[in-house]
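Understanding the architecture of this molecule
What follows is the residue order along each chain.
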Amino acid sequence: MLHNRFGRLAAVALAGGALMGVAACGGGEEPTTSATPAGSTAPAGKGAKVGLAYDIGGRGDQSFNDAAAAGLDKAKSELGLADTKELDAGSGETEAAKEERLRLLAQGGFNPVIAIGFAYSGPLKKVAAEFPEVTFAIVDDAAATAPNISNLLFAEHEGSFLVGAAAALKTKKEHIGFVGGVQVPLIQKFQAGFVAGAKKVKADVQIDVKYLTQPPDFSGFSDPAKGKTAAEGMFDAGADVVYHAAGGSGGGVFEAAKAAKGLAIGVDSDQAKTASPAVRDVIVTSMIKKVDVAVFDFLKSFTSGSVKAGSTIYDLKAGGVDYSTTGGRVDDITSELDEYKQKIISGEITVPDKTS
Amino acid sequence: MSPAESRFADRLLGRVSPGGLLSLAAPVLAVVFAGLITSVVLLLTGAPPLETLVIMAEYGTQPRSIVLTLNYATTFYLSALAVAIGFRMNLFNIGVDGQYRLAALVAAAVGGALTLPAPLHVALIVCVAMLVGAGWAAIAGLLKVRRGVSEVISTIMLNAVATALGAWLLNRERLAVEVAGSNNIGTRPLGPSAQVPGLAIIPGTGSKVFGLIILAVAMGVLYHVLLNRTRFGFDLRATGRSEPAAVASGVDVKKMILIAMILSGAMAGLVGMPQLLGASYSYSLDFPTGLGFTGIAIALLGRNNPVGIAFGALLWAFLDTSSGILQLHDISPEIVMIMQGTIVLSVIVAYELVHRYRIAAGQRRVSRELAGGAPARPEGASA
């Protein structure tokens with residue numbers, strides 16, 4: 001059995017050259033997968049087979065991937081999808097592995113196929129060209145463009161501006177903090193918005209910024225202990241409100257806030273509802289990034305045959321990002337926050353999306 | 001040194017090998033043993049072992065999968081060779097990971113900033129990568145020679161330093177450029193003159209094997225010749241086996257340590273090249289990581305023998321590739337990591353078992369031959 005497999009491998013490895021020579025006249029068409037490539041012209045509408053390729057962490061990361069999973073689950077129950085398949089990414093894998101994952105889904109007759117995370121950009125561009133009849137979507141990337149790719153983008157900086165303003169309004173020590181998971185351009189977008197929002201309210205507020213890890217170490221998105229240490233440092237240094245954009249590490253930030261009797265701001269989902277119950281009372285508000293809505297909307301438009309290729313931007317105006325009010329801890333400042341929100345929507349305030 | 005006197009580390013690193021038919025027994029035993037354990041794990045997780053393996057074999061032997069396997073194996077092979085050079089010298093270069101990442105980043109930046117005629121451009125990038133890898137490894141070598149710092153500790157630390165340095169360099173203000181509309185960030189893409197074309201040697205698929213697979217094969221040959229056919233290789237192996245003996249025969253051990261570390265680092269510098277010059281053409285946030293650690297496992301699996309490592313790399317790559325299909329059949333792909341782990345452990349255990357069996361058999365034979373039939377010593381007395 002394993003021996004057999006090993007034998008096959010050895011045969012492939014050793015006799016490969018000879019075999020290839022003999023078979024070389026066979027021409028180079030693909031695909032040759034046994035997984036029914038012909039079936040990929042699945043009709044749009046009811047009974048769609050949806051394929052979802054996650055970023056590292058996959059379903060269960062209590063953050064970005066889980067939001068996408070929530071959108072899929074909602075679509076499953078409301079749109080009557082025929083079948084869904086969710087594939088996880090491995091850490092440190094090559095682009096070829098991502099490409100193969102998308103290709104397996106497309107070949108397996110899954111249509112539409114949704115890629116979660118910017119790392120799928122290059123691979124998706126290649127695979128989408130190979131399967132023009134399959135509809136693809138990618139979250140957080142605008143670089144992969146094709147007639148059959150929908151780019152689902154978020155204005156994280158706009159949402160972060162609002163929670164930055166909230167932090168500046170709530171701080172009593174004129175000192176706040178930002179904990180980023182991994183120092184990548186995407187998370188710097190959160191930082192830029194947060195800083196801009198806080199400075200808008202109080203120009204001289206002190207803002208500590210700390211990233212948990214540097215790429216290619218992506219553990220900063222999944223290490224609560226690192227989040228706790230970083231946030232403890234900020235509370236010890238005199239901060240009293242800390243915003244995290246650190247995925248699964250955020251749990252540690254909440255714990256540190258609880259211990260220091262400080263406040264924290266959640267990210268991606270309404271964390272006053274999703275975080276561990278013991279720490280929910282320290283969460284002032286959360287910057288909600290509605291990946292679930294984007295995924296659901298995309299599937300819904302696919303079902304109704306109205307998919308739009310190209311960028312769909314989920315910003316404040318579209319309700320794709322927002323601040324949460326669960327717990328009532330921002331009730332006293334909602335009027336100010338909503339005023340800023342209107343100004344951003346009307347274009348009176350332009351929020352920077354890059355750190356200076 | 002007779003086998004009976006060898007240390008476990010010698011046997012672990014393949015410096016002492018059982019001869020004859022017994023040398024075949026060990027890998028067979030290992031594969032059977034790993035198969036058994038994997039089957040048990042599969043059964044426990046509720047997946048039928050036989051079907052799982054058939055699914056993997058079917059998917060893994062398709063033309064496209066073979067290309068993927070060969071491509072993975074190319075980088076794995078270079079990484080394992082880098083580790084193996086150190087192993088032969090009794091040096092544990094855990095830092096291959098940091099060495100190749102830093103080397104690939106700097107080489108990608110240099111290559112992206114220049115335009116040269118094709119062969120020169122590629123040669124320059126490869127040379128820069130080897131120099132950076134060698135230089136980074138030399139730090140650990142110097143620390144060991146001058147200050148007696150264990151290379152295990154220093155290379156692990158240097159991995160972390162390489163990560164931090166890489167993150168600092170991969171920045172808009174330094175070596176990186178932004179890709180419009182993308183959240184990725186990477187070095188300036190290499191021009192066509194630095195792109196090594198793939199080889200269409202697998203029929204039935206449009207995807208190509210890394211052109212640098214030839215480099216990997218050449219490095220394997222070079223490794224073999226250098227270690228087994230040169231004075232330098234003899235000195236290196238002698239130092240690895242017994243430092244006092246090497247010193248007595250006039251080998252400058254400190255110099256050997258430094259040179260071995262530098263060679264290991266230079267080889268590590270090549271690890272990222274097939275991916276950089278053959279596929280991604282830029283060092284960005286999603287450049288593959290962790291290849292250095294895979295290399296350690298494969299060097300152990302291949303017992304530092306260039307052919308053994310090639311089989312190890314192919315096996316590992318095959319498992320990595322074919323794991324892609326498992327999720328479509330609702331089988332957890334992590335099962336493959338368990339498989340890879342058990343195979344490495346099995347190989348080590350199997351060689352040790354065969355070794356002990358051989359010593360015990362030898363002792364029984366000797367005691368039978370001795371007049372008066374002195375009682376055989378208990379098994380495993382040497383270990």
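The notes below deal with the structure included here. (Residues numbered from 1 in each chain as written. Chains lettered and ligands numbered in written order. Predicted model: local features only at pLDDT ≥ 70, side-chain atom pairs only at ≥ 80, totals over all residues. Heavy atoms only, no water.)

Looking only at helices and strands, chain B features 15 helices and two strands. In terms of overall dimensions, chain B is globule-like: its C-alpha atoms have a radius of gyration of 23 Å, near the 21 Å expected for 383 residues. Each principal axis of the C-alpha distribution contributes one length, and for chain B these read about 85 × 60 × 35 Å. Residue pairs in contact within chain B that sit at least 24 positions apart in sequence constitute 75% of those at least 6 positions apart. Summed over all atoms, the accessible surface of chain B reaches about 16000 Å², with 68% contributed by carbon and sulfur. Positive and negative side-chain charges of chain B, numbering 26 and 18 respectively, have mean locations separated by a distance of 10 Å. (Helix = DSSP H or I, 4+ residues; strand = E, 2+ residues; numbered from the N terminus. Rg over C-alpha atoms; globule rule 2.2 N^0.38 Å. Contact = heavy atoms within 4.5 Å. Areas by Shrake-Rupley, 256 points an atom, 1.4 Å probe, with all protein chains shown as cover. Lys, Arg positive; Asp, Glu negative; His and termini not counted. Charge placed at Lys NZ, Arg CZ, Asp CG, Glu CD.)

Turning next to helix H4 (residues 121-130) of chain A. An α-helical turn contains 3.6 residues, so any two residues separated by three or four positions project in the same direction. Residues and elements named next belong to chain A. Taken as a whole, H4 has its buried residues at Ser121, Pro123, Leu124, Val127 and Ala128. Taken end-on, H4 shows its buried residues confined to a sector of 150°, consistent with a single buried face. Looking at the packing, one finds that the buried side of H4 touches helix H3 (95-107), strand S4 (136-139) and strand S5 (149-154). (Buried < 20%, exposed > 50% of the residue type's maximum accessible area, 1.4 Å probe, protein only. Arc of directions from axis to C-beta.)

Next up on the list: the environment of Pro333 of chain B. Tracing the backbone shows Pro333 of chain B in the loop between helix H14 (306-326) and helix H15 (334-369). Considered as a pair, Pro333 of chain B and Thr115 of chain B are 218 residues apart in the sequence and their alpha carbons are 42 Å apart.

Right, let's get into the pairing of strand S10 (residues 283-289) of chain A. Residue and element names in this part refer to chain A. Of all seven residues in S10, seven are buried, a share of seventy percent or more. Where strand S9 (residues 263-268) and S10 come together, five bridges link them in parallel fashion. For Val267, the partnering residue across the bridge sits in S10 and is Met287. Where S10 lies against strand S12 (residues 321-323), three bridges are found, and the strand directions are antiparallel. Bridge pairing links Lys289 to Val321 in S12. (Pairing = 2+ DSSP bridges.)

Moving on: the interface of chain A and chain B. At the interface, 52 residues of chain A touch 49 residues of chain B. Together, the buried faces of chain A and chain B total about 4600 Å²; carbon and sulfur atoms form 64% of this surface. Along the contact surface separating chain A from chain B lie three salt bridges. A salt bridge links Asp330 of chain B to Lys85 of chain A, with the nearest nitrogen and oxygen atoms 3.1 Å apart. (Buried area = accessible area lost by both parts, 1.4 Å probe. Salt bridge = Lys/Arg side-chain N within 4 Å of Asp/Glu carboxyl O.)

A full pass over the atoms with the stated rule returns 10 aromatic pairs over all chains. Measuring from ring centre to ring centre gives 5.4 Å for Phe154 of chain A and Tyr314 of chain A, while their planes differ by 25°; the resulting arrangement is stacked. A residue pair is termed long-range when its members are at least 10 positions apart, and Phe154 of chain A in strand S5 and Tyr314 of chain A in strand S11 (residues 310-314) qualify at 160 residues. Comparing Phe154 of chain A with Tyr314 of chain A, the two get one shared label, buried. Look at Tyr72 of chain B and Phe76 of chain B: their rings are 6.2 Å apart centre to centre, the planes differ by 15°, and that puts the pair in the stacked class. With Tyr72 of chain B and Phe76 of chain B both in helix H4 (residues 63-88), this residue pair falls four residues apart, about one helical turn. The same class applies to Tyr72 of chain B as to Phe76 of chain B, namely buried. (Phe/Tyr/Trp six-rings, centres within 6.5 Å; stacked < 30°, edge-to-face > 60°.)

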